[in-house]
Number of protein chains: 2
Amino acid sequence: MAKPVGRRGETRERILATALDLFVEHGVHGTSLQQIADRLGVAKATVYHQFATKDALIQALVQPVADTLGELLTRAEAAAGREAQVEVVIEGLVEMVLARRQIAAVMHGDPAVEAAIRATPELAVRSAKVKDLLLGPDPSPSRRVALSVFNAGLMLSGTDPELAELPEEILRQELLGTARRLLV
Amino acid sequence: MAKPVGRRGETRERILATALDLFVEHGVHGTSLQQIADRLGVAKATVYHQFATKDALIQALVQPVADTLGELLTRAEAAAGREAQVEVVIEGLVEMVLARRQIAAVMHGDPAVEAAIRATPELAVRSAKVKDLLLGPDPSPSRRVALSVFNAGLMLSGTDPELAELPEEILRQELLGTARRLLV
DNA sequence: GTCTATAAATTGATAGAC
DNA sequence: GTCTATCAATTTATAGAC
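Everything numeric in this text was worked out from a predicted model, so none of it was measured. (Residues numbered from 1 in each chain as written. Chains lettered and ligands numbered in written order. Predicted model: local features only at pLDDT ≥ 70, side-chain atom pairs only at ≥ 80, totals over all residues. Heavy atoms only, no water.)

A.B. asks: Explain the overall build of chain A to me, using residue names and the numbers behind them.
C.D. replies: Helix and strand counts for chain A come out as 10 helices and 0 strands. Moving toward the C terminus, one meets the helices and strands of chain A in the order α-α-α-α-α-α-α-α-α-α. Taking all 184 residues of chain A together, the buried fraction comes to 47%. Residue pairs at least 24 apart in sequence account for 69% of intrachain contacts in chain A once pairs closer than 6 positions are excluded. Only carbon and sulfur atoms are counted for the fraction: they give 53% of the accessible area of chain A, which is about 9,000 Å². If you average the places of the 21 positive and of the 24 negative side-chain charges in chain A, the two averages end up 5 Å apart. (Helix = DSSP H or I, 4+ residues; strand = E, 2+ residues; numbered from the N terminus. Buried < 20%, exposed > 50% of the residue type's maximum accessible area, 1.4 Å probe, protein only. Contact = heavy atoms within 4.5 Å. Areas by Shrake-Rupley, 256 points an atom, 1.4 Å probe, with all protein chains shown as cover. Lys, Arg positive; Asp, Glu negative; His and termini not counted. Charge placed at Lys NZ, Arg CZ, Asp CG, Glu CD.)

Pasting the structure below:
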């Protein structure tokens, strides 16, 4: 414990943040590790020192979402009655998108990230559980479509330039309102 | 007019269809012209014989959407009153997504296609007009958010595996219903 | 931990034979 | 109109000096 920990993982975090910016702009396949290194002002080998492969970098990006979904499901399962559970999930998802707008966007839109998710059973399973919980037992076509539209819309709304100027609190309330109009 | 026209542009159409399949699966940047040629069983140079560049191929894919939006706007502008105009646009968009599910999906989710759209003023302008028409004059934050969610959700719903088994007519009615719940 | 240099494969794109 | 062969550039990834 002799070393100062103030900078522990600082480079790692900067790489993740820069990579995420570029992934949102150009997609994962459209972003090379060279571009990430260039924007950060380091050598490509420095990026590889922190992440063994490009896939490992993507995995590191989606990990927090897996954690968040895990906590969310724990809270939902503790809630009494399906109505309360749905409410917990909706609020948790909106909160997650607000806190991690860019990750949410690439997670839903980028085929490379979707492949990484399929390769992360933890995340894939939790996503499926969240969807099933919102879908409910024996869902009607109406609810299936509403959930599909809401899910995609929610995940991408956080990075929609049209909404960039809205204060976070307004966006939160309106996303919750939209969710309830569609899912409650 | 001596030549039979039965096969006119047949190869071209097959290339476009195969490319679109792959773009949906792996994204545009994640799909090489070699992969397209391989799946089609032709040489890469054959693809280049039909499309000078990868960009030209993308342009050819989004062109029908630009046409559809053009017709849509003409019909909307002919409608009397804003309410009727909104109705025309909603119905037209739903119809477009149903008819061109894959194109709609890559158009909204893929950064490479979005770049191509920005480079096609015709399409960019029409998309903006459609959005503005749905947004209406002096839109509230509530409507901004609802439109953002609906727009992303609609464009991606056509390729959502969760909805793959729904008959087209059911999907049409439910998408229209979702649109009206959010935008009317 | 960061760098330079490099390897091996793949990319978009072109030339030219048939 | 389709092919083989090839190009220059770029990709992911590694080796090894400092």
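A.B. asks: A description of the protein's contact with DNA strand D should follow, citing residues and the corresponding values.
C.D. replies: Taken together, 16 residues lie near DNA strand D, and Lys 44, Tyr 48 and Lys 54 of chain A together with Ala 43 and Thr 46 of chain B sit nearest. When the atoms of DNA strand D within 4 Å of the protein are grouped by moiety, sugar and phosphate amount to 60% of the total. A distance of 2.9 Å separates a base nitrogen of DNA strand D from a polar side-chain atom of Lys 44 of chain A. Put simply, the parts of the chain that give the surface near DNA strand D at least two residues each are α3 (44-50) of chain A together with α3 (44-50) of chain B. By residue class, the composition of the surface near DNA strand D is 7 nonpolar, 7 polar and 2 charged. (Near = heavy atom within 4 Å. Polar contact = N/O pair within 3.5 Å; in protein donor to acceptor, adjacent residues only side chain to side chain. Nonpolar A, V, L, I, M, F, W, Y, C, P; charged D, E, K, R; others polar.)

A.B. asks: Give me the lowdown on the relation of the copies chain A and chain B, citing residues and values where you can.
C.D. replies: To go from the first copy of the chain to the second, apply a rotation about an axis and then a shift along the same axis. Expressed as a screw operation, the relation of chain A to chain B combines 0.0 Å of axial shift with a rotation of 180°, fitting to an RMSD of 0.0 Å. The superposition of one copy onto the other is thereby described by a two-fold rotation axis. Among all C-alpha atoms of chain A, that of Gly 153 of chain A lies closest to the rotation axis, at 2.3 Å. Taken as a fraction of all interface residues of chain A, those also at the interface in chain B reach 100%, which identifies the copy contact as same-surface. (Least-squares fit on C-alpha atoms with pLDDT ≥ 70 in both.)

A.B. asks: Provide a residue-level description of the interface of chain A and chain B, including the pertinent values.
C.D. replies: Between chain A and chain B, the residue contacts involve 33 residues of the former and 33 residues of the latter. Summed over both partners, the interface of chain A with chain B buries about 2,700 Å², with 67% contributed by carbon and sulfur atoms. The tally of links between chain A and chain B comes to 2 salt bridges. A salt bridge links Glu 162 of chain A to Lys 131 of chain B; its shortest N-O distance comes to 3.9 Å. Our count for the contact surface shared by chain A and chain B stands at 7 residue pairs in polar contact (both at pLDDT 80 or more). Counting only elements with at least two residues in the side of chain A that touches chain B, the list comes to α1 (10-26), α6 (101-109), α9 (141-157) and α10 (168-183) of chain A. When residues of the side of chain A that touches chain B are assigned to their parent elements, the largest contribution, 13 residues, is made by α9 of chain A. (Buried area = accessible area lost by both parts, 1.4 Å probe. Salt bridge = Lys/Arg side-chain N within 4 Å of Asp/Glu carboxyl O.)

A.B. asks: Lay out the packing of helix α5 (residues 82-99) of chain A against α10 of chain A in plain terms, naming residues and giving numbers.
C.D. replies: How two helices pack is summed up by the angle between their axes together with the distance between the axes. All names here are of chain A. Two elements in contact, α5 and α10, have axes whose closest approach is 10 Å; the angle formed by their N-to-C orientations is 145°. The two elements α5 and α10 cross, and the hand of that crossing is right-handed. For the pair α5 and α10, contact is made by Glu 87, Ile 90, Glu 91, Val 94, Glu 95 and Leu 98 and by Glu 168, Leu 171, Arg 172, Leu 175, Leu 176, Ala 179, Arg 180 and Leu 183, respectively. Of the residues contributing to the contact of α5 with α10, the split by class is 8 nonpolar, no polar and 6 charged. (Axes fitted to C-alpha atoms, helices over the stretch in contact; angles between N-to-C directions. Left-handed = near helix turned anticlockwise from the far one by under 90°.)

A.B. asks: Got a sec to walk through empty space enclosed by the protein? Specific residues and values, please.
C.D. replies: Inspection of the entire model under this criterion finds 2 cavities of 30 Å³ or more. Roughly 80 Å³ of internal volume is contained in the largest cavity. Considering the residues around the largest cavity, the lining is formed by 15 residues, among which Gly 27, His 29, Asp 110 and Pro 111 of chain A together with Asp 110 of chain B are closest to the centre. Taken together, the residues that form the lining of the largest cavity break down as 5 nonpolar, 8 polar and 2 charged. Counted as a void, the second largest cavity has a volume near 30 Å³. If you go around the second largest cavity, the residues you meet are Phe 23, Val 28, Ile 58, Leu 61, Val 62, Val 106 and Val 113 of chain B. It is helix α4 (residues 54-78) of chain B that provides the largest number of residues to the lining of the second largest cavity, a total of 3 residues. Here the lining of the second largest cavity is composed, by residue class, of 7 nonpolar, no polar and no charged. (1 Å grid on protein atoms, 1.4 Å probe; cavity = no way out; pocket = protein on both sides within 12 Å on 5 of 7 lines; lining within 4 Å. Points joined across faces, edges and corners; volume = space filled by probe spheres on them.)

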